[in-house]
Amino acid sequence: MAVTFEDELPLYSLSAAEAARQKELLSFISKVTDGVSNVDVTAKSGCKVTVIGGGDLALACLLAISAKRSADKLVLLDVSDGGSKGGGATDLELFPVPNVEVTTDVSSVADSKVIVITVNSWSNAQSYLEVLQSNVDLLRGFIPAVSYYCPNSVLVVASQPVEIMTYVAWKLSGLPHRQVIGIGCNLDSARFQQIVKTLASSSEESQSGWIIGEQGADKVAAWSDPESANNHKATKIYPKLFQEQLTNKAMEVMKGKGQRSWSIGLSVADLTDTIVQNKKKIHSVSSFAKGFFNIQNEVFLSVPCLLGDGGVLGNPQILQHEDRVSDALHKSAASISDLQQQLSL
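Residues numbered from 1 in each chain as written. Predicted model: local features only at pLDDT ≥ 70, side-chain atom pairs only at ≥ 80, totals over all residues. Heavy atoms only, no water.

**Considerations on the overall build of the protein chain**
Logical step 1: Within the protein chain one finds 12 helices and 11 strands.
Logical step 2: Carbon and sulfur atoms make up 49% of the accessible area of the protein chain, which amounts to about 15,100 Å² in all. (Helix = DSSP H or I, 4+ residues; strand = E, 2+ residues; numbered from the N terminus. Areas by Shrake-Rupley, 256 points an atom, 1.4 Å probe, with all protein chains shown as cover.)

Next up, the structure:
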């Protein structure tokens, strides 16, 4: 996990190959802020969402949620060291977006339905454990206050590594674990389902596949159990051998797909919309995994969760129980638990 973390950070950085997409995003932003875009940015939900962070990832999440019209008020809470605002926060003040407030006052989170956490600490001079502890220290600076002002909000953690930072947010907040989730494998699951849909030429079959476990190289593909009492959709389940072929091909395709700020922002907006609109939709997100697949550790791993306005409404047991899946989950749980015990909370 440490190697993956080092290779992928920062998740919100854009490579030269992404320049076209970056230009497109900037063009969209300029049109919205100039008021000449035909995009309807008026809100429909009547609720408030806060994004915590001052960098590119925070900005991507904020703009994606705004574009999806999931809230009528958005707050960007910048918690940069020393009160100095990050690039995203500064740019939003230069180019204001309708219904967005930029602030350093933590009390501004009050009455938020969803609070998205994007802060990360990273230095090449630090060991992996030191980086984790730095992130813990950052979260300790505002999470208790956030839970004080918003005891009924749902925390959506995008900080990395997401499994451990979601656990830290849960511990520091004192909130019920159902109100604290991480972005987990929501993006990977959506990509996996789209690839399977293309390969199998079946939208039904694609909805049966999930990416679960630990975000990164140790994630694992799992399939719905057609005999499960919780599997309400009548899906066409292909033979086991064909499922394995689809999985192998889809995972190979996904190796070339990185997680950049704009894609994570879209994923966060997807989760936020499900929560504030109480859609009761299933997502693969980092949630309290104790008891799932007989896991005994207090860890957060991506599993299919029914999400709504209270956060995790339930963990529908829809997956086939396979040894390879169970082994991968238990391995990740043990590794994550070991790291958590070395942190000072």
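**Remarks on the side chain of H283**
Logical step 1: Residue placement: H283 occurs in strand β9 (residues 281-288).
Logical step 2: Not counting the four nearest positions on each side in its chain, H283 is found in contact with N186, W210, D270, L271, T274, V303, P304, C305 and L307. (Contact = heavy atoms within 4.5 Å.)

**Observations regarding the packing of helix α5 (residues 128-140) against helix α7 (residues 162-173)**
Logical step 1: Packing of α5 against α7 brings their axes to within 10 Å, and their N-to-C directions diverge by 35 degrees. As α5 runs across α7, the sense of the crossing is right-handed. When α5 is examined against α7, the residues L132, N135, V136, L139 and R140 are found in contact with a partner set consisting of I164, M165, V168, A169 and L172.
Logical step 2: In the contact of α5 with α7, the residues fall into eight nonpolar, one polar and one charged. (Axes fitted to C-alpha atoms, helices over the stretch in contact; angles between N-to-C directions. Left-handed = near helix turned anticlockwise from the far one by under 90°. Nonpolar A, V, L, I, M, F, W, Y, C, P; charged D, E, K, R; others polar.)

**Observations regarding the environment of G311**
Logical step 1: Along the chain, G311 turns up in strand β11 (residues 311-314).
Logical step 2: Since its relative accessible area comes to 0%, G311 is described here as buried.
Logical step 3: Between the C-alpha atom of G311 and that of V154, which follows or precedes it by 157 residues, the distance is 5.7 Å. (Buried < 20%, exposed > 50% of the residue type's maximum accessible area, 1.4 Å probe, protein only.)

**Topic: the UniProt feature "binding site: NAD(+)" (unreviewed entry) in the protein chain**
Logical step 1: UniProt tags D78 and N135 as "binding site: NAD(+)" (unreviewed entry).
Logical step 2: Mapped onto the elements, D78 comes out in the loop between β2 (73-77) and α4 (87-94).
Logical step 3: When its relative accessible area of 4% is taken as the criterion, D78 is described as buried.
Logical step 4: Of note, N135 is situated in helix α5.
Logical step 5: If we skip the residues at most four places from it in the chain, N135 touches N120, S121, Q160 and M165. (UniProt positions renumbered as here; feature names shortened; annotations may be inferred.)

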